[in-house]
Number of protein chains: 2
Amino acid sequence: MAVLVVGSIALDTLTTPSGKVEETLGGSATYFSLAARAFDTVRIVGVVGPDFPVTEKRFLEEKGIDLGGLTTGQGPTFRWEGVYGPDLGDARTIRTELGVFAGFAPKLPDHFRTTSCVFLANIDPELQLQVLDQVVEPRWVAVDTMNLWIDRRREKVLEVFSRVDMVFVNASEATQLSGEDNLIRAGAYIQKLGQRYVIIKRGASGVMVLGGQQPFVLPAVPLEEVVDPTGAGDAFAGGMLGYLSSVEDPLDFERVKVGLACGSVTASFAVSGFGVAILRDLSRDSIDKRMRFFLSTNQLGLGQA
Amino acid sequence: MAVLVVGSIALDTLTTPSGKVEETLGGSATYFSLAARAFDTVRIVGVVGPDFPVTEKRFLEEKGIDLGGLTTGQGPTFRWEGVYGPDLGDARTIRTELGVFAGFAPKLPDHFRTTSCVFLANIDPELQLQVLDQVVEPRWVAVDTMNLWIDRRREKVLEVFSRVDMVFVNASEATQLSGEDNLIRAGAYIQKLGQRYVIIKRGASGVMVLGGQQPFVLPAVPLEEVVDPTGAGDAFAGGMLGYLSSVEDPLDFERVKVGLACGSVTASFAVSGFGVAILRDLSRDSIDKRMRFFLSTNQLGLGQA
């Protein structure tokens, strides 16, 4: 099987209490792919400029990521600069230069159109709908969004949500969408739009999934140090969907619960270094080892790692 | 076995988004006792005024709580008034009338001095030390505190912590004490003071215990509605210590982990009604039923409730 991601490939400049890195490989599709590839084949649809480092393109290819949907547009690669405060909460955006991303019109190569699992990262919901029109049934689709689109294109966001199987939102987006502070009620509001599962990301407080007989909640992996939260949500989705696309019956609730754990672990690697530093060489062995540690920190009766 | 609590017995006036109640039974020792009594015998040390309702005193006795350490002082019963905002975070205190609590000098009846498990609720650390001087070894002691005492009596708080087995703090208190935003590092700072376990309460984000081979974290019980967060921490400690005082080898890490789950469940009952309303008639059956639900919301492979 394989998983397809449509999202940004970027060069990020990041400042956190641990330091600063400039023009480092980033973007939602990048974080997602590097997390998912430990579990399954990954296909990227995205756009970069001619200034995108050849070495990074080669690096992604060497990691087995299918760049058949990556086009090179005319203009600079998407750049983002953000600064995190001591609490490592939401970043303050210093600069966003869309570059080639401003004219991004996702086009799926023929052999991508039948991918069984599709992840629409937090791009403009109009583009997400364009992708939905290009994929061939049967397939299942997960989608992410962000406060910007809920603010500016609420109706389109809701339309996308009604056409997919799984929605990723963070807690503040769930509240923004639903008007509900309580996350179960906020999630129930989103679920009524028609998709099967709603995944509510709560940062250091973990993650909740609605869509089973009752809510299911996992804490985050306990970490003594978070270096850089950038891409945590995409690395989470990558680990979760990479796992699910690799198993039989991926939308079974028991599978989804295990997927949450996979996502929590890959996200914990992502935030332990700047940008994608830790994800670059992340092996399935390292994931499995941290998974055993993770489960020993929140599962009763599983004993020591 | 039995568990002894030293803390406040109060009449609370509470306003939350769900409504308002006036002069309702409250106080840390009350919440603790009503949560713990489902698991084990409870002994209270505290003080009320002659205005304390006879019906409430009789109610506590009828619930099997030993009031042998409850004295009636000269003056009004401790009263507190608090208002919660829509996020149900920290209450804004409108009024605190210490009354008889201002002159509280905890004195343990002889048959209380040998209680094997002692909980020092968030009273002045000077009073906590007075209790420690009255209890007879062997016993084990858990302690709670609050921002006020960390602010004003930091050295005394640290002295108490160094003399007990288990410390309960909430996340902001852990940060206030340690200067660390990261909860694992904050907890490690507190652990160095000498006690065996540090329990960090994170409200709707659940609870973490440090002191085992690795941190252990449980989410909160997922609730569609929180009516009144008052007393959640004391109901948590009551459920946890009530369970632990009733088992062999209570300070074994595996026991402590189960204790966290018991505390999470009793706290979830406490916040589902105003004041102690739900705790008044809480049965062990109801706790066991919600425990099965709770574990099905965060334990992998346990199936449906």
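Description of the structure in this document.

Calculation rules
Residues numbered from 1 in each chain as written. Chains lettered and ligands numbered in written order. Predicted model: local features only at pLDDT ≥ 70, side-chain atom pairs only at ≥ 80, totals over all residues. Heavy atoms only, no water. Helix = DSSP H or I, 4+ residues; strand = E, 2+ residues; numbered from the N terminus. Rg over C-alpha atoms; globule rule 2.2 N^0.38 Å. Buried < 20%, exposed > 50% of the residue type's maximum accessible area, 1.4 Å probe, protein only. Contact = heavy atoms within 4.5 Å. Areas by Shrake-Rupley, 256 points an atom, 1.4 Å probe, with all protein chains shown as cover. Lys, Arg positive; Asp, Glu negative; His and termini not counted. Charge placed at Lys NZ, Arg CZ, Asp CG, Glu CD. Least-squares fit on C-alpha atoms with pLDDT ≥ 70 in both. Phe/Tyr/Trp six-rings, centres within 6.5 Å; stacked < 30°, edge-to-face > 60°. Lys NZ or Arg CZ within 6 Å of the ring centre and 35° of its normal. Pairing = 2+ DSSP bridges. Salt bridge = Lys/Arg side-chain N within 4 Å of Asp/Glu carboxyl O. Axes fitted to C-alpha atoms, helices over the stretch in contact; angles between N-to-C directions. Buried area = accessible area lost by both parts, 1.4 Å probe. Polar contact = N/O pair within 3.5 Å; in protein donor to acceptor, adjacent residues only side chain to side chain. Nonpolar A, V, L, I, M, F, W, Y, C, P; charged D, E, K, R; others polar.

### Description of the overall build of chain A
Here is step 1 of the chain: Across its full length, chain A holds ten helices and 13 strands.
Here is step 2 of the chain: Relative to the globule expectation of 19 Å for 305 residues, the C-alpha radius of gyration of chain A, 18 Å, shows essentially globular dimensions.
Here is step 3 of the chain: Taking the principal axes of its C-alpha atoms as reference, chain A extends roughly 55 × 40 × 35 Å.
Here is step 4 of the chain: When burial is assessed residue by residue, chain A has 59% of its 305 residues classed as buried.
Here is step 5 of the chain: Look at the contacts in chain A between residues 6 or more apart in sequence, and 64% of them connect residues 24 or more apart.
Here is step 6 of the chain: If you sum the accessible surface of chain A, you get close to 11,600 Å²; carbon and sulfur atoms cover 48% of it.
Here is step 7 of the chain: Distance from the positive charge centre (29 side chains) to the negative charge centre (37 side chains) of chain A: 2 Å.

### Quick look at the relation of the copies chain B and chain A
Here is step 1 of the chain: Of the transformation placing chain B onto chain A, the axial shift is 0.0 Å and the rotation is 180 degrees, giving an RMSD of 0.0 Å. Classification of the inter-copy transformation places it as that of a two-fold axis.
Here is step 2 of the chain: Here 100% of the contact residues of chain B are again contact residues in chain A; the copies associate through an equivalent surface.

### A look at the packing of aromatic side chains
Here is step 1 of the chain: Applying the stated criterion across every chain, the model contains 14 aromatic pairs over all chains.
Here is step 2 of the chain: Seen in terms of ring centroids, Phe39(A) and Tyr243(A) are 6.5 Å apart; in terms of plane orientation they differ by 85 degrees. Their pairing is edge-to-face. Placement of the pair is Phe39(A) in the loop between α1 (28–36) and β4 (41–48) and Tyr243(A) in helix α8 (residues 232–245), with a sequence separation of 204 residues. Comparing Phe39(A) with Tyr243(A) shows no difference in burial state: the two are buried.
Here is step 3 of the chain: Pairing Phe78(B) with Phe101(B) gives two aromatic rings, centres 5.2 Å apart and planes at 15 degrees, and the pair type is stacked. Of this pair, Phe78(B) sits in strand β6 (residues 78–83) while Phe101(B) sits in the loop between β7 (92–97) and β8 (117–120), placing them 23 residues apart in sequence. Neither residue differs from the other here; Phe78(B) and Phe101(B) are each classed as buried.
Here is step 4 of the chain: Feature note: the residues Phe32(A), Phe119(A), Phe168(A) and Phe236(A) constitute an aromatic cluster, connected by ring pairs.
Here is step 5 of the chain: The residue whose ring lies beneath Arg280(B) is Phe59(B), and the NZ or CZ to ring-centre distance is 4.6 Å.

### Looking at the pairing of strand β3 (residues 19–26) of chain B
Residue and element names in this part refer to chain B.
Here is step 1 of the chain: Bridge analysis of strand β2 (residues 10–16) against β3 gives six bridges, and the strand direction is antiparallel. Bridge assignment links threonine 15 to a residue of β3, and that residue is lysine 20.
Here is step 2 of the chain: Hairpin connection, β2 to β3: the antiparallel pair is bridged by two residues.

### A closer look at the pattern of salt bridges
Residue and element names in this part refer to chain A.
Here is step 1 of the chain: By the definition in use, this model includes 28 salt bridges over all chains.
Here is step 2 of the chain: Between arginine 153 and aspartate 124 there is a salt bridge, with the nearest N and O atoms lying 3.1 Å from each other. Separated by 29 residues along the polypeptide, arginine 153 in the loop between α4 (147–152) and α5 (154–162) and aspartate 124 in the loop between β8 (117–120) and α3 (125–134) bring together distant segments of the chain.
Here is step 3 of the chain: Judged by relative accessible area, arginine 153 falls into the partly exposed class, the value being 31%.

### Some details on the sheet that holds β8(A)
Residues and elements named next belong to chain A.
Here is step 1 of the chain: Overall, mixed pairing links the nine strands, which are arranged β5-β4-β1-β8-β9-β10-β11-β12-β13 in an open sheet. Unpaired on one side and paired on the other, β5 (66–72) and β13 (216–218) mark the two borders of the sheet. Strand-to-strand twist across the sheet, computed as the mean angle between neighbouring axes with direction ignored, equals 15 degrees.
Here is step 2 of the chain: Bridge count between β8 and strand β9 (residues 140–144): four bridges; the pairing is parallel. Counted as the bridge partner of cysteine 117 is tryptophan 140 from β9.
Here is step 3 of the chain: Against the sheet, α3 touches β1 (2–6), β8 and β9, its axis set at about 165 degrees to β8.

### Considerations on the side chain of Ser33(A)
Residues and elements named next belong to chain A.
Here is step 1 of the chain: Mapped onto the elements of the fold, serine 33 is located in helix α1.
Here is step 2 of the chain: Its relative accessible area of 0% is what places serine 33 among the buried residues.
Here is step 3 of the chain: With residues near it in sequence (within four places) discarded, serine 33 still touches Val5, Val42, Ile44 and Ile65.

### Section: the interface of chain B and chain A
Here is step 1 of the chain: Listed by partner, the interface residues are 32 residues for chain B and 32 residues for chain A.
Here is step 2 of the chain: Across the interface of chain B and chain A, roughly 2,900 Å² is buried in total on both sides, 50% from carbon and sulfur atoms.
Here is step 3 of the chain: Seen at the junction of chain B and chain A, the total is zero salt bridges.
Here is step 4 of the chain: Linking chain B with chain A are 15 residue pairs in polar contact (both at pLDDT 80 or more).
Here is step 5 of the chain: At the level of elements, α7 (183–191), β13 (216–218), α9 (253–270) and α10 (284–296) of chain B are the ones that each hand at least two residues to the side of chain B that touches chain A.
Here is step 6 of the chain: In the side of chain B that touches chain A, the residues fall into 15 nonpolar, ten polar and seven charged.

### Section: unusual backbone geometry
Leaving glycine out, the prevailing phi sign among residues is negative, and the prevailing peptide bond configuration is trans.
All names here are of chain B.
Here is step 1 of the chain: Phi at leucine 88 is positive, roughly 55 degrees, even though this residue is not glycine.
Here is step 2 of the chain: Note on placement: leucine 88 falls in the loop between β6 and β7.
Here is step 3 of the chain: With relative accessibility at 24%, the residue leucine 88 sits in the partly exposed group.
Here is step 4 of the chain: In this model, aspartate 249 sits at a positive phi of 55 degrees, which is unusual for a non-glycine residue.
Here is step 5 of the chain: Relative to the helices and strands, aspartate 249 is located in the loop between α8 (232–245) and α9.

### What about the environment of Val276(A)?
All names here are of chain A.
Here is step 1 of the chain: Within the secondary structure, valine 276 sits in the loop between α9 (253–270) and α10 (284–296).
Here is step 2 of the chain: Residues valine 276 and leucine 251, 25 residues apart in the sequence, show an inter-C-alpha distance of 28 Å.
Here is step 3 of the chain: With near-sequence residues (within four places) excluded, valine 276 lies in contact with Leu25, Thr30, Tyr31 and Leu34.

### Quick look at the sheet that holds strand β2 (residues 10–16) of chain A
Residues and elements named next belong to chain A.
Here is step 1 of the chain: One open sheet holds the four strands; their spatial order is β3-β2-β6-β7, and the pairing between them is mixed. Edge positions in the open sheet fall to β3 (19–26) and β7 (92–97), since each of these has one partner strand only. When strand polarity is set aside, the average angle formed by the axes of neighbouring strands in this sheet is 15 degrees.

All quantities given are derived from atomic positions and should not be read as evidence of function.
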